[in-house]
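Below, each chain spelled out in residue letters.
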Amino acid sequence: MEEATEGVSKTVKIAVPEFVAEVASPFANDLLDRGPRVRLLCDFGRSVSDHAVIAVDGGWGTGKTAFLMMCKAYLEQQEVRVAEFNAWTESYTADPVFNLASALAEVVEEDRRAKLLGAAKAIVVAAGKNLPLKVGEVVTEAAEAIAQDQAFPNGLPEYRNCVRRFKKALEQEAEKADGPLVVLVDELDRCLPQQVVEYLGAIHNLLAVPGVVVVLAINLEETAKGLEAVYGSAYGSERYLQRFFDLRMSLPGATGSDDLSGLVNHLREHLEIEVEADTSRGYIDGLLTTTALATGGALRDLQRVAQALRWTMAVGLESAASWRINSPERYAECVRAALALLILRHLDPEGYRLFTEAKANPHSAMLRLHSHLLGAEPESAHAAFAMTAYFDLLSAETGGNQVTEEQFQEIADLYSFQNHRETYSRYNSFRQQIMRHLNGQVPQVVLAAVEMTT
């Protein structure tokens with residue numbers, strides 16, 4: 001093992017550290033300026049005297065989990081009790097009532113915990129459900145008792161009485177503090193549709209007591225589609241979901257390069273994807289930004305492409321490591337060409353396969369890619385101009401022909417190059433400039449490096 005890793009740097013960074021929000025400084029790592037929204041939501045939640053369910057609605061990868069983490073840190077800074085529950089990773093049992101109760105039990109004093117869990121236990125038994133014995137430290141003891149308890153017969157009247165007792169116990173607990181008990185629920189949209197319905201029902205029926213505020217992070221559009229796929233279009237999934245929320249706060253994805261500049265800087269610097277060439281930073285930033293904007297501002301897409309580029313540099317381009325010192329411009333061109341390929345592969349895997357297998361030329365690859373870059377306009381124009389040239393030169397290795405003036409004009413019309421004064425003459429000059437370094441065996445090195453990260 002030592003021999004296999006002897007030549008590999010022990011300081012290579014491939015993954016970005018998990019987001020952290022500390023109570024002392026909740027917004028220290030807020031690279032997307034979400035602090036004002038967090039404060040607005042939390043300050044409102046603190047002022048609620050009865051009960052409220054607030055939906056934080058955002059698409060995939062828009063940072064909902066990080067948003068809730070900042071909410072937790074900010075509320076705890078204000079000495080507000082916060083219970084957090086991840087419906088995807090903390091559904092230890094098949095019963096949503098008991099799962100939610102176990103999260104609430106974490107923030108109540110130990111002598112009151114048994115009362116709350118006991119009330120939850122009674123609901124489960126009254127419903128005729130069983131729980132597994134090993135469900136985590138907090139709930140194990142109560143779950144064991146449920147497995148043996150036959151005290152409550154099944155039946156709706158008894159079930160209703162158990163629900164009333166649970167809500168009374170929760171209300172008494174909420175009254176013991178100056179301010180609300182806030183429950184943060186994350187990752188519900190990752191659950192199966194039936195689980196989503198059960199959790200929303202549990203939140204609506206059991207947590208609706210004075211002094212309890214629920215903040216639920218969810219992708220409402222995708223959740224509605226999931227419900228509709230199972231229950232049918234007549235189910236009215238969107239209207240159904242709206243019934244569970246008193247308020248909805250939108251958490252949009254990034255809409256421009258300015259929104260992403262802080263995160264792009266963080267990714268580039270942490271993953272050490274700087275190269276010595278003066279123009280590399282702007283190119284890397286531009287293409288990483290385009291990747292996120294193309295997917296509706298999904299931050300995870302940006303992060304994945306950045307990590308793939310770092311992996312390509314650390315491992316795939318190992319054979320070109322000497323160029324970084326002896327020929328930094330050539331190495332920089334390798335990195336930029338690799339990034340263009342990584343973006344093509346991320347946004348259009350089939351187009352990437354066709355291109356690398358010499359079944360598609362740069363012209364057709366760019367025509368295919370346009371449908372995936374619609375969300376990145378107008379930023380995509382500069383990226384498309386550069387990517388066309390890099391695909392053009394890489395295609396020499398796959399047996400393709402250079403982009404003709406007629407083909408360039410079709411690409412230019414599609415991506416509105418004329419708005420940026422990008423002509424075929426300028427394209428030729430740019431292509432000749434990078435060809436000085438991206439020649440010989442270099443395209444083969446780049447293609448092989450990217451393939452290693454598949």
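Quantities reported herein were computed from a predicted structural model and do not represent experimental measurements.

This brings us to the packing of helix 15 (residues 328-347) against helix 16 (residues 349-356). Think of two packed helices as two axes; the pair is described by the angle between the axes and how far apart they sit. It is the contact of helix 15 with helix 16, at a shortest axis distance of 5 Å, that shows an interaxial angle of 130 degrees. Put simply, helix 15 runs oblique to helix 16. Residue-level contacts link Leu 341, Leu 344, Arg 345, His 346 and Leu 347 of helix 15 to Pro 349, Gly 351, Tyr 352 and Phe 355 of helix 16. Taken together, the residues of the contact of helix 15 with helix 16 sort by class into six nonpolar, two polar and one charged.

Mean pLDDT over the chain stands at 84; residues scoring 70 or higher make up 89%. Counting contacts from residues 1-9, a segment whose pLDDT is below 50, to residues more than four positions away or on other chains yields zero contacts. In this model, residues 131-153 is a region of pLDDT below 50 whose contacts with residues beyond four sequence positions or in other chains number 45 contacts.

With that settled, consider unusual backbone geometry. With a phi angle near 55 degrees, Glu 272 is a residue other than glycine that sits in the positive phi range. For Glu 272, the position within the fold is in the loop between helix 11 (257-270) and helix 12 (280-294). A relative accessible area of 34% means that Glu 272 is categorised as partly exposed. Its identity is not glycine, yet Ala 358 carries a phi of approximately 60 degrees, on the positive side. Position of Ala 358 among the secondary structure elements: in the loop between helix 16 and helix 17 (362-370).

Our next topic: the layout of surface pockets. There is about 1100 Å³ of room inside the largest pocket. The wall of the largest pocket is formed by 39 residues, among which Gly 63, Thr 65, Ala 66, Arg 300 and Gln 303 lie closest to the centre. Of all the elements in the fold, those that place two or more residues in the lining of the largest pocket are helix 3 (64-77), helix 8 (193-206), helix 9 (220-231), helix 11 and helix 13 (299-316). In terms of residue count, helix 3 provides more of the lining of the largest pocket than any other element does, six residues in total. The residue makeup of the lining of the largest pocket, split by class, is 17 nonpolar, 11 polar and 11 charged.

The rules behind the values
- The numbering scheme is per chain: residues are counted from 1 as the chain's sequence reads.
- Only residues with pLDDT of 70 or above have their local features reported here, since the model is predicted, and side-chain atom pairs are shown and tallied only from 80 upward, although totals for entire chains, interfaces and linings are computed over all residues.
- Each side-chain value is worked out from all heavy atoms of the structure, with water and hydrogens disregarded.
- Here, axes are lines fitted to C-alpha atoms. For helices the fit covers the stretch in contact, and angles between N-to-C directions go from 0 to 180 degrees.
- Secondary structure elements are taken from DSSP: a helix is a run of H or I of four residues or more, a strand is a run of E of two residues or more, and numbering for both begins at the N terminus.
- Each angle is binned into one of four classes, with values under 35 degrees roughly parallel, values over 145 roughly antiparallel, values of 65 to 115 roughly perpendicular, and all other values oblique.
- Note on contacts: a residue pair qualifies if any of its non-hydrogen atoms lie within 4.5 Å across the two residues.
- All amino acids are sorted into three groups, where Ala, Val, Leu, Ile, Met, Phe, Trp, Tyr, Cys and Pro are nonpolar, Asp, Glu, Lys and Arg are charged, and the leftover types, Gly among them, are polar.
- Along the chain, pLDDT gives the predictor's confidence residue by residue, from 0 to 100.
- Exposure categories follow from relative accessible area, calculated using a 1.4 Å probe and restricted to protein chains: below 20% of the type maximum is buried, above 50% is exposed, and the middle band is partly exposed.
- With a 1 Å grid spanning the protein atoms alone, the term cavity applies to any set of points in which a 1.4 Å probe fits but cannot get out, the term pocket to an open set with protein on both sides within 12 Å along at least five of seven lines, and the term lining residue to any residue with an atom within 4 Å of a point.
- Grid points are joined across faces, edges and corners, and a volume is the space filled by probe spheres set on the points.

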